Amino acid sequence: MQKLIRITQRFSQVALVLFLVTFLVTVLVRLLPGDIATTLFPFATEEEKVEIREGLGTNMNIVSYYFRWLGNFLQGDLGIYYNPGESYSEASMTVWAMLSLTIPRTLLIMAYTLGFSLLCSIPLGMLLAYKVDTRIDKVISNILFGLSSIPNFAVGLGLAYIIGVKFELLNPIGYVTWAEGPVEHIKSMIMPVLSLSLGLIATFARLLRADIISTLKEDFVTMASSKGLSNRWILWRHVFRPSSLSLLTAAALNMGSLIGGAVIIESIFALNGVGMFLVTSIALRQYLAIQSTVALIAISYIAFNLIVDAFMPKIDPRIRSHRGA
Amino acid sequence: MALNLKILANKPLGYQLSVIWLGVCAFFSVFGELLPLPEWNYSNPDMLGVGMFSPGHLFGTDYIGVDQLSAIIHGTRYSLGIAFISVFFGMVIGGFLGILAAYRRGWVDAVISVYFNTTLSIPTLILVVTMVAIFASPDPFNPTTTIPRVFVVIIAITFVLVPVLGRLARSSALSWTGREFVLVAKSMGMKPRSILWQHIVPNVLPAMLSVGFLAAGVVIIVEGGLALLGAGAEPGASWGSLLARNRGDISLIPHTTFLPVFFISITVMVLNYLGDYFRNKIDGRESRI
């Protein structure tokens with residue numbers, strides 16, 4: 001019963017946050033200077049402009065505008081997206097049609113980045129913790145510290161210059177879907193994923209190293225090693241799981257922020273993911289596109305956090321007792 | 001000067017290098033104007049795309065003939081200025097809200113936490129880009145009244161920093177309000193306001209300060225990202241907008257792109273190092289108790 005109350009409390013808080021996020025974005029969007037009708041269709045007639053404004057609802061006050069958008073959003077209608085330049089009658093697309101192009105790209109980039117950085121950082125972190133305070137550990141830890149401080153656009157620009165321009169190994173611009181050719185797809189993803197992962201690898205490996213070092217001091221490790229278990233067995237079976245908590249939290253938080261935060265890498269490599277879609281929507285005053293996309297991003301960001309919170313006790317049962325559940 | 005050197009003497013090498021780097025940056029951002037260099041935005045049509053270490057132009061020039069040394073020095077002032085002003089206001093506002101939330105609990109805490117969570121669930125860059133688009137784009141009917149973009153960037157970045165720093169202040173203050181000495185102070189009849197100022201704030205401040213260094217690094221990166229998206233400070237004024245302006249020439253005169261990248265990366269590294277250093281010191285002090 002108590003659990004049920006806690007869960008409903010949690011979810012009502014989430015609902016409140018989502019309501020505030022979407023309303024805040026609506027206010028911001030409506031504050032954007034310039035009118036969508038004149039920004040996108042400077043040559044439209046007066047009647048057409050009125051029609052556009054009515055189609056978007058921008059002639060209404062902000063509260064009824066918001067609830068109109070919310071109602072449509074909850075029914076799965078994300079709104080209209082106007083292609084600029086063309087005449088108004090052929091220009092309208094749905095936001096969903098645009099997002100269904102961009103979301104898979106962003107999700108793939110995120111999945112590759114997460115997979116690659118965990119794949120590199122877990123062995124690295126364990127190795128460093130195992131060799132703690134040796135020369136290898138000191139050298140690599142310092143390098144990792146440096147790497148974790150380099151912004152991803154610096155890595156991206158460096159890679160684009162060295163690999164893309166100087167040696168012309170990869171095409172630095174554009175995205176190829178899996179269906180167009182798996183090899184080309186992987187090739188187009190190498191540099192973006194590398195530039196997003198390098199900092200993450202360093203961060204994850206340092207987190208894991210610190211946690212393993214503190215876990216190694218625990219009594220159950222002394223116990224295991226006095227039973228004569230091999231170091232490798234202790235490290236993987238006894239130490240890794242309780243040490244992986246902050247790594248997982250950091251991974252989830254980073255993935256949550258990557259949904260919209262990969263935008264600079266997307267812009268450097270011209271990938272047209274969700275982030276770039278949002279930025280161009282802001283520039284083109286695509287009100288409904290901005291609102292619906294930010295709402296989706298906020299939902300997935302909060303969902304990521306909820307999932308992590310729900311899984312923590314499964315990984316380390318000791319957490320449950322701390323929280324009194 | 002001798003005194004300064006003595007302060008540095010017993011510290012690790014990384015600390016010495018970091019302090020020196022920040023000191024040099026601070027010096028040039030204050031006195032850079034006095035150097036006999038061309039203006040940061042003066043483009044010399046006879047000197048287009050000169051390479052590094054050429055006579056008269058130590059860092060070369062870009063494709064419109066702007067001296068890069070002068071531009072980098074001017075960028076130091078802007079980038080560090082943006083970072084420190086927004087972190088300062090972020091810490092003051094965020095720290096106030098966070099400590100208030102932790103100390104008062106109840107509905108105050110609920111309201112402030114919801115505010116923090118709301119702003120945190122919108123992607124940082126998107127929020128800042130939107131705010132810059134709202135407040136900095138010139139009004140077509142009244143173009144003279146727009147505030148300089150730097151201020152808009154500072155305000156927008158402060159707005160997203162407040163919840164980040166505030167949440168840290170809140171959790172840090174929460175861990176202190178549960179301590180025995182606070183209980184003792186309460187039982188001795190100390191006023192809540194005095195407990196806050198004498199016991200909570202002095203303990204939260206060092207942690208906030210170490211986070212402040214990390215936050216300043218993040219701000220420099222965010223500012224660079226904003227500039228790359230076309231929403232940064234005036235073109236060429238900060239490291240980020242210098243990078244954004246020169247990025248198109250990466251294949252012809254790569255040094256103009258990589259100079260700002262280098263300065264951004266090193267400064268962020270230095271700030272992260274100092275943040276880590278102070279945090280370890282605080283943790284060490286804690287564990288000794």
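In what follows, the structure referred to is the one given above.
Read on for a plain summary of the structure. Worth saying up front: this structure is predicted, and the values here are computed from it rather than measured. (Residues numbered from 1 in each chain as written. Chains lettered and ligands numbered in written order. Predicted model: local features only at pLDDT ≥ 70, side-chain atom pairs only at ≥ 80, totals over all residues. Heavy atoms only, no water.)

If you tally the helices and strands in chain B, you get 10 helices and 0 strands. Starting at the N terminus and ending at the C terminus, chain B contains elements arranged as α-α-α-α-α-α-α-α-α-α. Taking the principal axes of the C-alpha coordinates as reference, chain B spans close to 75 × 55 × 30 Å. For chain B, the residues scored as buried account for 51% of the 289 residues in total. Entry remark: accessible area of chain B is about 14,000 Å², with carbon and sulfur atoms responsible for 69%. On chain B, the mean spot of the 18 positive side-chain charges and the mean spot of the 14 negative ones are 18 Å from each other. (Helix = DSSP H or I, 4+ residues; strand = E, 2+ residues; numbered from the N terminus. Buried < 20%, exposed > 50% of the residue type's maximum accessible area, 1.4 Å probe, protein only. Areas by Shrake-Rupley, 256 points an atom, 1.4 Å probe, with all protein chains shown as cover. Lys, Arg positive; Asp, Glu negative; His and termini not counted. Charge placed at Lys NZ, Arg CZ, Asp CG, Glu CD.)

One recurring pattern in soluble globular proteins is that nonpolar side chains are buried together. Residue and element names in this part refer to chain B. Grouped together as the largest cluster of nonpolar side chains are 159 residues, with contacts concentrated most on I157 and I200. In terms of residue count, the dominant contributor to this core is helix α8 (residues 192-228) (14 residues). Not counting residues within four places of it along the chain, the set of residues in contact with I157 comprises I82, S86, V128, V219, V222, E223 and L226. (Core = buried A, V, L, I, M, F, W, Y, C linked by side-chain atoms within 4.5 Å. Contact = heavy atoms within 4.5 Å.)

Any two side chains of opposite charge can pair, given that their charged atoms come close. Residues and elements named next belong to chain B. The full count for this structure, using the stated rule, is 5 salt bridges over all chains. The salt bridge involving D109 is made with R105; its shortest N-O contact spans 3.2 Å. Judged by relative accessible area, D109 falls into the buried class, the value being 6%. By relative accessible area, R105 is classed as partly exposed at 41%. For D276, the salt bridge identified is with R279, shortest N-O distance 3.3 Å. Remark: R279 and D276 occur in helix α10 (residues 254-288); sequence separation between them is 3 residues, near one turn of the helix. A residue is classified by how much of its surface remains accessible, and R279, at 37% relative accessible area, is partly exposed. (Salt bridge = Lys/Arg side-chain N within 4 Å of Asp/Glu carboxyl O.)

This part takes up the interface of chain A and chain B. Interface size is often expressed as the accessible area that is lost when the parts come together. Opposite the 39 residues of chain A that make contact, chain B presents 36 residues. Across the interface of chain A and chain B, roughly 3,300 Å² is buried in total on both sides, 82% from carbon and sulfur atoms. In terms of surface lost to chain B, no three residues of chain A exceed F153, L157 and Y161 of chain A, which account for 17% of the buried area on that side. Inspection of the region where chain A meets chain B yields 1 salt bridge. Between R206 of chain A and D276 of chain B there is a salt bridge, with the nearest N and O atoms lying 3.1 Å from each other. Of all the secondary-structure elements, those providing two or more residues to the side of chain A that touches chain B are α1 (2-31), α7 (135-149), α8 (152-166), α13 (263-268), α14 (274-284) and α15 (287-315) of chain A. Per-element tally for the side of chain A that touches chain B: the top contributor is α1 of chain A, with 9 residues. (Buried area = accessible area lost by both parts, 1.4 Å probe.)

Right, let's get into the packing of aromatic side chains. Given two aromatic rings, their pairing is described by the distance between the two centres and the angle made by the two planes. Under the counting rule described, the total for this entry stands at 24 aromatic pairs over all chains. Taken together, a centroid distance of 5.8 Å and an interplanar angle of 40° make the contact between W239 of chain B and F263 of chain B tilted. Placement of W239 of chain B in helix α9 (residues 239-246) and of F263 of chain B in helix α10 is noted, with a sequence separation of 24 residues between them. For W239 of chain B, a relative accessible area of 0% corresponds to the buried category. Taken together, F19, F23, Y66, F67, W69 and F73 of chain A form an aromatic cluster joined through their ring pairs. (Phe/Tyr/Trp six-rings, centres within 6.5 Å; stacked < 30°, edge-to-face > 60°.)

So, about unusual backbone geometry. A negative phi angle characterises most non-glycine residues, just as the trans form characterises most peptide bonds. Residues and elements named next belong to chain A. Here the phi dihedral of D133 falls at roughly 70°; this positive angle occurs in a residue that is not glycine. Along the chain, D133 falls in the loop between α6 (95-130) and α7. For D133, a relative accessible area of 56% translates into the label exposed. Positive phi outside glycine occurs at A270, with the angle close to 50°. Locating A270 in the fold gives a position in the loop between α13 and α14.

Turning our eyes to something else, we now look at the side chain of T118 of chain B. Following the sequence through the fold, T118 of chain B ends up in helix α4 (residues 106-120). Judged by relative accessible area, which is 6%, T118 of chain B ranks as buried. Each residue touching T118 of chain B, except ones within four places of it in the same chain, is listed here: V17, L20 and V21 of chain A.

Quick look at helix α5 (residues 124-136) of chain B now. Residues and elements named next belong to chain B. Between the first and last C-alpha of α5 there are 18 Å, a value that for 13 residues agrees with the 18 Å anticipated at 1.5 Å per step. A large share of α5 lies buried, amounting to 11 of its 13 residues. Considered for burial, the residues of α5 that qualify are L125, I126, L127, V128, V129, T130, M131, V132, A133, I134 and A136. (Expected span 1.5 Å × (residues − 1).)

On to the side chain of T267 of chain B, then. All names here are of chain B. Here T267 lies in helix α10. The buried category is assigned to T267, whose relative accessible area is 0%. Polar contacts involving the side chain of T267 include one to the side chain of W21, which spans 3.2 Å. Those residues within four positions of T267 in sequence are excluded, and the remaining contacts are W21, L22, L80, I220 and W239. (Polar contact = N/O pair within 3.5 Å; in protein donor to acceptor, adjacent residues only side chain to side chain.)

This is a description of form; function is not addressed.
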